[in-house]
Amino acid sequence: MYPDLNPGPRILLGPGPSEVHPRVLRAMATPLVGHLDPEFMLILDQIQRLLRYVFQTENELTLALSGTGTAGMEAAVCNWLEPGDSILVGVNGYFSERICEMADRYGARVRRLEQPWGAVFAPEVIEAALREEPAKVVALVHAETSTGALQPMQEIGEIVHRHGGLLLIDCVTSLGGLPVKIDEWGVDIAYSGSQKCLGCPPGLSPFTASPRAREVLHSRRNKVTNYYLDLTLLEKYWGKERVYHHTAPISLYYALREGLRIVQEEGLEARFARHRANAARLWEGIEALDLALHVPEPHRLPSLTTVVVPSNVDDLAVRQRLLNEYHIEIAGGLGALKGKIWRVGLMGHSSRREYVTLLLAALRDILQR
Ligand SMILES: *Cc1c(COP(=O)(O)O)cnc(C)c1O
């Protein structure tokens, strides 16, 4: 016999999952209806409308995929890239590397545009690369969780379109915490995740595609190679036809609906301001502890802060103490930044002033010892 499920109390200040709002947890305990029940169809419609609100888009093809952010990434890649198609990827962190890896597996011709981890791409750099050689898809990570850098989005959509391409963005760590203006920025394909700034459990990936992207999808030469993430089938479940494709994870959709309702109640602008204000408090406090921030101010990401681990400090020991003594989870670095940075997420329901104060006090205590 095993004991009751009772994991320790945790304050989730890592790169996700972030804390789930109690209202979302309660919504998940709602009794199930069938995934083709007329009442569930209404719930899907509401989720779709709420997603258009957070994505700031009119895109008809807007839905939440079953699967985490990585499923969204895979859907973006497998639905728009056929063998031999070209993709230009702005590579400046772990998740853009993952886009390259996926696109390669689907047989695309992957061109890498590189920047150091923590830096971002200027529009002119993208323009120059496309002038050299156009690409069917141009992919950028809006909020790079592995480095703490925020990619500015102005002008890029216009450039990509002028060169005949589609603009794809990863907004897993920005949607619901900072502005994601799909229509205004001219983004054609975007995916996110439920467990970061939306304050829901992991398991769903909000997704949107522009009418232009949809046309390209419908003019594919071959069927989409991935059945589970085939949007030409999924759009028939989310659209008027309501054709069965796979059983929707009902409880997760209840959760997402509640999480999105909370976003709408707070209002996008107020929510963005809260994320910015708490990040600013954290940055000020980190510098007051004589610690350095990895990303310079103009491109620093409010939802995820990267702190340089001082050379005389044991990265893992500090994180273990935070967890054991203060029940606070933060993360270490990934890939090239492993052992070099700490990653602190202030996302969704975790973006709270009292958590910033507590984390700074805990860090001060641990570092003094
Ligand atoms: C978390 C994250 C992902 C992957 O999402 P999973 O939910 O872990 O599958 C992709 N891109 C970025 C930028 C992320 O932060």
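About the cut-offs
Residues numbered from 1 in each chain as written. Predicted model: local features only at pLDDT ≥ 70, side-chain atom pairs only at ≥ 80, totals over all residues. Heavy atoms only, no water. Near = heavy atom within 4 Å. Polar contact = N/O pair within 3.5 Å; in protein donor to acceptor, adjacent residues only side chain to side chain. Helix = DSSP H or I, 4+ residues; strand = E, 2+ residues; numbered from the N terminus. Contact = heavy atoms within 4.5 Å. Pairing = 2+ DSSP bridges. Axes fitted to C-alpha atoms, helices over the stretch in contact; angles between N-to-C directions. Expected span 1.5 Å × (residues − 1). Buried < 20%, exposed > 50% of the residue type's maximum accessible area, 1.4 Å probe, protein only. Arc of directions from axis to C-beta.

Novice: How should the site of the ligand be read in this particular structure?
Specialist: Every residue close to the ligand is listed here: Thr68, Gly69, Thr70, Phe95, Ala143, Thr145, Asp170, Val172, Thr173, Gln195 and Lys196. Thr145 places a side-chain nitrogen or oxygen 2.3 Å from an oxygen atom of the ligand.

Novice: Just checking my understanding: could you explain the side chain of Asp85 for this structure?
Specialist: Considering the arrangement of structural elements, one finds Asp85 in the loop between helix H3 (69-80) and strand E3 (86-91). For Asp85, the side chain forms a polar contact with the main-chain nitrogen of Glu82, separated by 2.8 Å. Excluding anything up to four places from it in sequence, Asp85 contacts Trp80, Ala108, Arg109, Lys136 and Arg221.

Novice: Even after reading the chapter, I still don't get the sheet that holds strand E10 (residues 204-209), so can you show me in this structure?
Specialist: The strands making up a sheet are joined through hydrogen bonds of the backbone, oriented either antiparallel or parallel. Strand order in this open sheet of seven strands is E2-E10-E9-E8-E5-E3-E4, and the pairing throughout is mixed. Where the open sheet ends on each side, the last strands, each with one partner, are strand E2 (61-66) and strand E4 (109-114). Across the sheet, the mean angle from the axis of one strand to that of its neighbour is 20°, orientation sign disregarded. When E3 meets E4, the two strands line up parallel, connected through six bridges. Counterpart to Val89 in the pairing with E4 is Arg112. Contacting E2, strand E5 (137-141), strand E8 (166-170), strand E9 (189-191) and E10, H3 runs over the sheet at an angle of about 35° to E10. Against the sheet, helix H5 (residues 123-132) makes contact with E3, E4 and E5, and its axis sits at roughly 145° relative to E4, the strand it touches most.

Novice: Help me understand helix H12 (residues 315-326), please; the structure alone is not making it clear to me.
Specialist: For an α-helix, the turn length of 3.6 residues means that residues three or four places apart are oriented alike. Taking 1.5 Å as the rise per residue, H12 with twelve residues should run 16 Å; its terminal C-alpha atoms sit 16 Å apart, in good agreement. Of the residues making up H12, those classed as buried are Asp315, Val318 and Leu322. Taken around the axis of H12, the buried residues stretch over an arc of 75°, which confines them to a single face. In this structure, the buried side of H12 is in contact with strand E12 (328-329), strand E13 (331-332), strand E14 (341-345) and helix H13 (353-368). Structurally, the start of H12 carries an N-cap: the backbone nitrogen of Leu316 is 3.2 Å from a side-chain oxygen of Asp314. Just downstream of H12, His327 is the residue with a positive phi angle, here 60°.

Novice: Quick question: what am I supposed to make of unusual backbone geometry here?
Specialist: The phi angle of most residues is negative, glycine excepted, and most peptide bonds adopt the trans form. Between Gly16 and the following residue, Pro17, the backbone shows a cis peptide bond with an omega angle of 5°. Along the chain, Pro17 falls in the loop between strand E1 (11-12) and helix H1 (22-28). Of note in the backbone geometry, Glu155 takes a positive phi value of approximately 75° without being a glycine. Structurally, Glu155 can be placed in the loop between strand E7 (149-150) and helix H6 (156-162). In this structure Glu155 comes out as exposed when scored by relative accessible area, which is 54%. The phi dihedral of His327 is positive, around 60°, even though this residue is not glycine.

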